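Chain and residue survey
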Amino acid sequence: MRPQKSLFNALLTHFLMGVALGLSLVLVLGLTDAFHVRDLVAKSGAPVQTTVMLVTTYGLMFGIGAALTGLVLTLEEES
């Protein structure tokens, strides 16, 4: 049997998986021009800052969502 992971390690794992998923979604949005995100970023006043904001927003949004979902699943599993 494997030893139980601490709650912090479980949440950190879920958070990092969510960040990876968010970053991959931003990459797909940037490479495929389905929603014209690339044009919107390129025509903005500060394209580098817009890109950084887009990447961090998606990464944190998916990371926090995955961490909260992992918290609920971990606490439900323990009870």
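For the structure itself, look to the data block above.
Below: a short report on this structure. A quick note: this is a predicted structure, and the numbers were derived from the prediction, not measured. (Residues numbered from 1 in each chain as written. Predicted model: local features only at pLDDT ≥ 70, side-chain atom pairs only at ≥ 80, totals over all residues. Heavy atoms only, no water.)

**Topic: the overall build of the chain**
For the chain, the count of helices and strands is three helices and zero strands. From first element to last, N terminus to C terminus, the chain shows the α and β order α-α-α. Its C-alpha atoms give the chain principal-axis dimensions of about 55 × 20 × 20 Å. Residues classed as buried in the chain amount to 16% of the 79 residues present. A separation of at least 24 residues holds for 72% of the contacts in the chain among residues at least 6 apart in sequence. Carbon and sulfur atoms make up 73% of the accessible area of the chain, which amounts to about 6,100 Å² in all. Once the 4 positive and 5 negative side-chain charges of the chain are each reduced to a mean point, those two points are 10 Å apart. (Helix = DSSP H or I, 4+ residues; strand = E, 2+ residues; numbered from the N terminus. Buried < 20%, exposed > 50% of the residue type's maximum accessible area, 1.4 Å probe, protein only. Contact = heavy atoms within 4.5 Å. Areas by Shrake-Rupley, 256 points an atom, 1.4 Å probe, with all protein chains shown as cover. Lys, Arg positive; Asp, Glu negative; His and termini not counted. Charge placed at Lys NZ, Arg CZ, Asp CG, Glu CD.)

**A look at a nonpolar patch on the surface**
Side chains of F8, L12 and L16 sit close together on the surface and give an oily, nonpolar patch of about 320 Å² of accessible area. Mapped onto the elements of the fold, L16 is located in helix α1 (residues 7-31). (Patch = residues over 30% accessible without salt bridge, like charges linked within 9 Å, V, L, I, M, F, W, Y side chains within 5 Å. Salt bridge = Lys/Arg side-chain N within 4 Å of Asp/Glu carboxyl O.)

**Here we look at the packing of α1 against helix α3 (residues 47-78)**
Interhelical geometry of α1 versus α3 gives an angle of 145 degrees and a closest axis separation of 7 Å. Between α1 and α3 the crossing geometry is right-handed. Split into classes, the residues belonging to the contact of α1 with α3 amount to 19 nonpolar, seven polar and no charged. (Axes fitted to C-alpha atoms, helices over the stretch in contact; angles between N-to-C directions. Left-handed = near helix turned anticlockwise from the far one by under 90°. Nonpolar A, V, L, I, M, F, W, Y, C, P; charged D, E, K, R; others polar.)

**Quick look at the environment of L25**
Here L25 is to be found in helix α1. Through-space distance from the C-alpha of L25 to that of L11 is 21 Å; in sequence the pair is 14 residues apart. Residues in contact with L25, not counting those within four places in the same chain, are Y58 and F62.

That is the geometry; function is a separate question.
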